[in-house]
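Here's the letter readout for the chains.
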Amino acid sequence: DVVLTQTPPTLSATIGQSVSISCRSSQSLLHSNGNTYLHWLLQRPGQSPQLLIYLVSRLESGVPNRFSGSGSGTDFTLKISGVEAEDLGVYYCVQGTHAPYTFGAGTKLELK
Amino acid sequence: QVTLKESGPGMLQPSKTLSLTCSFSGFSLSTSGMVVSWIRQPSGKSLEWLAAIDWDGDKYYNPSLKSRLTVSKDTSNTQVFLKITSVDIADTATYYCARLLTTRAFDYWGQGVMVTVSS
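Quick caveat, the model's predicted, so the values are computed rather than measured.

Q: Explain the interface of chain A and chain B residue by residue, including any values.
A: Facing the 21 residues of chain A at the interface are 21 residues of chain B. Contact between chain A and chain B buries roughly 1600 Å² in total, counting both sides, with carbon and sulfur atoms accounting for 61%. On the chain A side of the contact with chain B, Pro49, Tyr101 and Phe103 of chain A bury the most area, a combined 36% of that side's loss. Inspection of the region where chain A meets chain B yields zero salt bridges. Inspection of the chain A/chain B interface yields nine residue pairs in polar contact (both at pLDDT 80 or more). When residues of the side of chain A that touches chain B are traced back to their parent elements, those giving at least two are β4 (38–43), β5 (50–54) and β9 (89–95) of chain A. The element best represented in the side of chain A that touches chain B is β4 of chain A, accounting for three residues. Class assignment of the residues belonging to the side of chain A that touches chain B gives a composition of 12 nonpolar, eight polar and one charged.

Q: Outline the state of the cysteines, supporting the account with residue identities and numerical values.
A: All names here are of chain B. Applying the stated criterion across every chain yields a total of two disulfides over all chains. Residue pairing for Cys22: its cysteine sulfur links by disulfide to Cys97, the two sulfurs lying 2.1 Å apart. Classification of the bridge connecting Cys22 and Cys97 rests on its S-S torsion, roughly 75°, and on that basis the disulfide is right-handed. Of the two residues, Cys22 is situated in strand β3 (residues 18–25) and Cys97 in strand β9 (residues 93–100); the sequence distance between them amounts to 75 residues. Here Cys22 and Cys97 have matching classes, each one buried.

Q: Can you tell me about the sheet that holds strand β7 (residues 67–72) of chain A, naming the residues and giving the values?
A: Residue and element names in this part refer to chain A. Strand order in the open sheet formed by four strands is β1-β3-β8-β7, with antiparallel pairing between adjacent strands. Both outer strands of the open sheet, β1 (4–7) and β7, are each paired with one neighbouring strand and no more. The sheet shows a mean angle of 20° between the axes of neighbouring strands, taken without regard to direction. Relative to strand β8 (residues 75–80), strand β3 (residues 19–25) runs antiparallel, the two being bridged by six bridges. Note on β8: the bridge partner recorded for Ser20 is Lys79.

Parameters at a glance
Residues numbered from 1 in each chain as written. Chains lettered and ligands numbered in written order. Predicted model: local features only at pLDDT ≥ 70, side-chain atom pairs only at ≥ 80, totals over all residues. Heavy atoms only, no water. Contact = heavy atoms within 4.5 Å. Buried area = accessible area lost by both parts, 1.4 Å probe. Salt bridge = Lys/Arg side-chain N within 4 Å of Asp/Glu carboxyl O. Polar contact = N/O pair within 3.5 Å; in protein donor to acceptor, adjacent residues only side chain to side chain. Helix = DSSP H or I, 4+ residues; strand = E, 2+ residues; numbered from the N terminus. Nonpolar A, V, L, I, M, F, W, Y, C, P; charged D, E, K, R; others polar. Disulfide = S-S within 2.5 Å. Buried < 20%, exposed > 50% of the residue type's maximum accessible area, 1.4 Å probe, protein only. Pairing = 2+ DSSP bridges. Axes fitted to C-alpha atoms, helices over the stretch in contact; angles between N-to-C directions.

And the structure:
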């Protein structure tokens, strides 16, 4: 199975600070059809995960544009440009290029 | 408006069969490209993809659990089911169903149902 390694495991930020989360894959996530099926989820405390970014860099409808995704191959990054209180929770990367779907271990974003 | 909701027994004993139901609205599983997946999350841990069924009735399983899983859907295409046989304590988790699009992204999730396996 593809292993997704997220760093850091925990991130402390102040409101307004910009932060980045890394997701590295054990295999290239570029599919033979040209798509890269790497997505980002946020799970707020006590809630279900929600989709933030899909296909590396596409913003899901309704998600604030302070969230952005980038990367290719095996290295991907989620950036939050100006953390807000509602952004606190655990961020997961997930891949769908290689069966089975796999998730990263998560990065917990907390207030400093 | 797309919604999904899981239901299940809450608690069951080791070696029993766990039966879960995902009831959804706002989309039809008969629509080409639609897929519903099951994902679980032990308390305080990450997520694990379990199984999926698509609009054509094709089924997909995580190889690590395949021998114990059965996913199915109803004829009205408004419910998806998951059965897990021979459960043990390691199957204690919150179980989610989620919609999966052709982007292979889980765009809508249910609220989750907590299942505890205990004697």
